[in-house]
Amino acid sequence: MGKLIVIEGADGVGKNTAALGLCDALNASGRSAVVIGFPRYGETVAGVTIGRFLAGEMPVPVTAEAAAVLYALDRREWLPRIIEARDTHDVVIFDRYIASNMAYQGARVEAAASRPLMDWIARLEVEQFALPRPDLSLYLDTPWELARELILQKAQRSYTDRSFDEYEADIALQQRVRANYEAIVAAGLLGPWRVVQTSTDGAMRPREAIVREIIAHI
Ligand SMILES: Nc1ncnc2c1ncn2[C@@H]1O[C@H](COP(=O)(O)OP(=O)(O)O)[C@@H](O)[C@H]1O
Ligand SMILES: Cc1cn([C@H]2C[C@H](O)[C@@H](COP(=O)(O)OP(=O)(O)O)O2)c(=O)[nH]c1=O
């Protein structure tokens, strides 16, 4: 049974780049690895709906609870593929997983309601939806200004023509998301965590150096 490794962090911190680099490096060293990213835009009922709401196209408001259930359902719909990947690979790398749901939806409610909502999401996904807990999660810590620049460099997304989607456009939300991740890491929610500093002196470290540091943790 393969190890489940999660790459987490705010928008534009380099998760997808690190996840793909890690996968290539593991495969090159003889450990079979695969990346599974969430949300599954266009591939699940929930993923289609999430794409619409991130593009600002929902005709009704999407509450934090409704969004939480959609993101959780997206993973639940993909659970057979997760199990299959774990059975056939040494390492399964997730580009976002349950902690994303906790950090983002927890950032959309008032401060006192945040931790109870995050705990509710963890129970929904792990206990009700039977999603496996990660063996290790890595939090990519990239300064805010740098992440903002990196979002603008991103290739065109499948679900929106905009440079910033609904969540990325909300700067105060992004700051609360970061604080929630820090709380999740500090409390060791969902399993063990390591923090990876992705930049030095205001510039991103080379992707290879970030990947080497991650491999040393797993
Ligand atoms: N270590 C790095 N050095 C330079 N550019 C990077 C690095 N990591 C990511 N990028 C660039 O930043 C942008 C956002 O990266 P991405 O991996 O898509 O972030 P995320 O998945 O966290 O949103 C992309 O254009 C990517 O090529
Ligand atoms: C997977 C996941 C993502 N999200 C949020 C984080 C992001 O702001 C947004 C889109 O995810 P992401 O895949 O990072 O978007 P992009 O294609 O721009 O890289 O959804 C949640 O709120 N909960 C979740 O469970």
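Refer to the preceding data block for the structure.
The notes below deal with the structure included here. (Residues numbered from 1 in each chain as written. Chains lettered and ligands numbered in written order. Predicted model: local features only at pLDDT ≥ 70, side-chain atom pairs only at ≥ 80, totals over all residues. Heavy atoms only, no water.)

### A look at the sheet that holds strand β5 (residues 193–197)
Spatially, β2-β3-β1-β4-β5 is the arrangement adopted by the five strands of the open sheet, whose pairing is parallel. Looking at which strands have only one partner, the edges of the open sheet turn out to be β2 (33–37) and β5. Adjacent strand axes in the sheet meet at a mean angle of 25° when their direction is disregarded. Alignment of strand β4 (residues 136–141) against β5, held across five bridges, turns out to be parallel. Note that in β5 the partner of Ser137 across the bridge is Trp193. In the packing of helix α9 (residues 207–217) onto the sheet, contacts are made with β1 (3–8), β4 and β5, and the angle to β5 comes to roughly 160°. (Pairing = 2+ DSSP bridges. Helix = DSSP H or I, 4+ residues; strand = E, 2+ residues; numbered from the N terminus. Axes fitted to C-alpha atoms, helices over the stretch in contact; angles between N-to-C directions. Contact = heavy atoms within 4.5 Å.)

### Looking at the pattern of salt bridges
By the definition in use, this model includes six salt bridges. Two residues, Asp11 and Arg96, come together in a salt bridge whose shortest N-O distance is 3.3 Å. In this pair, Asp11 sits in the loop between β1 and α1 (15–28) while Arg96 sits in the loop between β3 (91–95) and α5 (98–106), placing the two residues 85 residues apart along the sequence. Summarising the burial analysis for this pair, Asp11 and Arg96 share the class buried. Glu213 is paired through a salt bridge with Arg205; the nearest N and O atoms lie 2.7 Å apart. Looking at Glu213, the relative accessible area reads 25%, which means it is partly exposed. (Salt bridge = Lys/Arg side-chain N within 4 Å of Asp/Glu carboxyl O. Buried < 20%, exposed > 50% of the residue type's maximum accessible area, 1.4 Å probe, protein only.)

### Quick look at the site of ligand 2
Neighbouring ligand 2 are 18 residues; Tyr71, Arg75, Arg96, Gln105 and Arg157 lie closest to it. The separation between an oxygen atom of ligand 2 and a polar side-chain atom of Tyr71 is 2.8 Å. Between Gln105 and ligand 2, the recorded distance is 2.8 Å, taken from a side-chain N or O atom to an oxygen atom. A total of 550 Å² of accessible area belongs to ligand 2 in isolation, and the protein chains cover 91% of it. (Near = heavy atom within 4 Å. Polar contact = N/O pair within 3.5 Å; in protein donor to acceptor, adjacent residues only side chain to side chain. Areas by Shrake-Rupley, 256 points an atom, 1.4 Å probe, with all protein chains shown as cover.)

### Thoughts on helix α3 (residues 64–77)
If you check α3, its first and last C-alpha atoms are 20 Å apart, about what 14 residues at 1.5 Å a residue would give, namely 20 Å. Listing the buried residues of α3 in full gives Ala64, Ala67, Ala68, Leu70, Tyr71, Ala72, Asp74 and Arg75. Residues of α3 that are buried in the fold lie against α2 (45–54), α4 (79–88), α5 and α6 (111–128). (Expected span 1.5 Å × (residues − 1).)

### A word on the side chain of Ser100
Note that Ser100 resides in helix α5. For Ser100, a relative accessible area of 8% translates into the label buried. Polar side-chain contacts of Ser100 include one of 3.0 Å to the side chain of Arg96. Separated by 3.2 Å, the side chains of Ser100 and Tyr181 make a polar contact.

### So, the site of ligand 1
What surrounds ligand 1 is a group of 13 residues, the closest being Lys15, Asn16, Thr17, Lys154 and Arg205. Asn16 is positioned such that a nitrogen or oxygen atom in its backbone is 2.9 Å from an oxygen atom of ligand 1. Protein contact buries 76% of the 560 Å² of open area that ligand 1 shows by itself. Every element with two or more residues in the shell around ligand 1 is listed here: α1, α7 (144–153) and α9. For the shell around ligand 1, the element with the most residues is α1, which contributes three residues. Class assignment of the residues belonging to the shell around ligand 1 gives a composition of four nonpolar, five polar and four charged. (Nonpolar A, V, L, I, M, F, W, Y, C, P; charged D, E, K, R; others polar.)

### Quick look at the side chain of Arg86
Take Arg86: it is sitting in helix α4. No salt bridge is formed by the buried Arg86, whose closest oppositely charged neighbour, Asp87, lies at an N-O distance of 4.6 Å. Among residues more than four places away in sequence, those in contact with Arg86 are Met1, Gly2, Leu4, Val92 and Pro132. (Lys, Arg positive; Asp, Glu negative; His and termini not counted.)

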